[in-house]
Protein chains: 2
Amino acid sequence: MRMITVSREFGSGGREVGKRLADALGIAYYDREVLEEIAKSSHLDPEYIEKSMEGGMPVQYPITVSHSFSYIPVLQSPALNLLIEQNKALERLAKQGDCVIVGRSADVLLERYNPLRLFVYADMESKMRRCRERAQEGETYTNKELRRQIRQIDKARAANHAFVSSFAWGDRRGYDLCINTTDCNIKELIPGLSAYVNAWFAEREKAQS
Amino acid sequence: MRMITVSREFGSGGREVGKRLADALGIAYYDREVLEEIAKSSHLDPEYIEKSMEGGMPVQYPITVSHSFSYIPVLQSPALNLLIEQNKALERLAKQGDCVIVGRSADVLLERYNPLRLFVYADMESKMRRCRERAQEGETYTNKELRRQIRQIDKARAANHAFVSSFAWGDRRGYDLCINTTDCNIKELIPGLSAYVNAWFAEREKAQS
């Protein structure tokens, strides 16, 4: 089983890294597919699910009443229900075999599959340029607004990640390989990255056999 | 010009990564050679130089006296003199062409050569195991002592790095690729890593031409 998880700063091109890597390795790629899986079982709209989850999950603590935990307030939270549904969706996708999964804290939630955990990042200037290049027509963010938006999205990602992991989002210790894409043409890096990924899995499989 | 700098946590196998990578790429490898270069120009013993520099450079601040800086206390510091000598030594080695340089904050000091900056790290258990494997006969550190020693050496490296860089030592933003060697047989990763490094330089050279 070869699973690669891709965590990434907004605008770093992490999604492109994931997609191209999956293509190069000839394995499945999951990104929005996770939302669609959640939609299937929850009967909610994928757009609604995305909106509900991307703002940073509200962290809720179990309440202790006279030495016994009460889980009811947590289980009743729609956000936590979505997390549970997401967990199940990731599990179903993982069972289908080798894959690249972008985002969704899959690096932590699917830890038992021993994924190769990538973190993709870049400097702010490079991320802003990438955002501008793929912006939809009519988008008129100022640099200041764009910078703030990038920071906000990453802040929400970090908050979601903190809900499930003991390492901070982006802390190298939680990843196997951290790739800086500043000034990089991602397409050109893929053959090299595939070679590294293949070597990593081959070594891991040898150690386990 | 292809320069690769290797920063590494003590016990992570960063030196092995650097040496094997240099061999695979057929380029020069500098590690203790930097000390020997400093020794040549300073007429000091390499062992003495190493000892003087590895304890964490004493950071000295210029003193402001009625709105003018006094640099004298800094320039008189033997540690700073060694830093200056190290800088010159790195410069001389860099001029000799493609190379891998381990440690010495070469990632920052030789920034103008646009090096590929690697950071190699591993979890504590893995680093302790690596230290035990290469320990000299008669070494009888307890686990607690070994753990403390690893932390101390890295603390000194971080302190030396802080002297020259705006990014903290080990902060992913100061590196192009961060490699986790936990449970890895480094030798097996080298073909993949070489491929990545070659792709990275090829892409960089294409962008510049």
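Only a predicted model underlies this, so the values are computations on that prediction, with no experimental measurement involved.

Colleague: I tried to follow the nonpolar core on my own but got confused; where do I start?
Modeller: As a rule of thumb, nonpolar side chains are buried together in soluble globular proteins. Core analysis: the biggest nonpolar cluster contains 46 residues, and Ile4(A), Leu193(A), Ile4(B), Leu118(B) and Leu193(B) have the highest contact counts within it. The contact partners of Leu193(A), leaving out residues within four places of it in the chain, are Val17(A), Leu21(A), Leu177(A), Ile179(A) and Tyr196(B).

Colleague: I'm lost on the interface of chain A and chain B in this one. Help?
Modeller: Accessible area lost on assembly of the parts is the figure often given for the size of an interface. On the chain B side, the residues contacting the 29 residues of chain A number 29 residues. Counting each side, the surface lost to burial between chain A and chain B is near 2400 Å², with a carbon and sulfur contribution of 52%. Its largest share of buried area at the contact with chain B, chain A owes to Arg172(A), Tyr196(A) and Glu203(A), together 28% of the area lost on that side. Scanning the region where chain A abuts chain B turns up four salt bridges. Linking chain A with chain B are 17 residue pairs in polar contact (both at pLDDT 80 or more), by the criterion used here. Considering every element that reaches the side of chain A that touches chain B, the biggest residue donor is helix α9 (residues 186–208) of chain A, with 11 residues. Pairing geometry for strand β7 (residues 177–180) of chain A and strand β7 (residues 177–180) of chain B, over three bridges, is antiparallel. The residue of β7(B) that forms the bridge with Leu177(A) is Ile179(B).

Colleague: Looking at this model, I keep getting lost on the pairing of strand β6 (residues 116–121) of chain B. Mind explaining?
Modeller: The side chains of a regular strand alternate between both faces of the sheet. Residue and element names in this part refer to chain B. Burial runs high along β6: six of the six residues are buried. Of the two faces of β6, the one carrying Leu116, Leu118 and Val120 and the one carrying Arg117, Phe119 and Tyr121 are both buried. In this sheet, β6 lies alongside strand β1 (residues 3–8) in parallel orientation, the contact comprising five bridges. Along β6, the bridge assignment pairs Arg8 with Val120.

Scoring rules and cut-offs
- Residues numbered from 1 in each chain as written.
- Chains lettered and ligands numbered in written order.
- Predicted model: local features only at pLDDT ≥ 70, side-chain atom pairs only at ≥ 80, totals over all residues.
- Heavy atoms only, no water.
- Core = buried A, V, L, I, M, F, W, Y, C linked by side-chain atoms within 4.5 Å.
- Buried < 20%, exposed > 50% of the residue type's maximum accessible area, 1.4 Å probe, protein only.
- Contact = heavy atoms within 4.5 Å.
- Buried area = accessible area lost by both parts, 1.4 Å probe.
- Salt bridge = Lys/Arg side-chain N within 4 Å of Asp/Glu carboxyl O.
- Polar contact = N/O pair within 3.5 Å; in protein donor to acceptor, adjacent residues only side chain to side chain.
- Helix = DSSP H or I, 4+ residues; strand = E, 2+ residues; numbered from the N terminus.
- Pairing = 2+ DSSP bridges.

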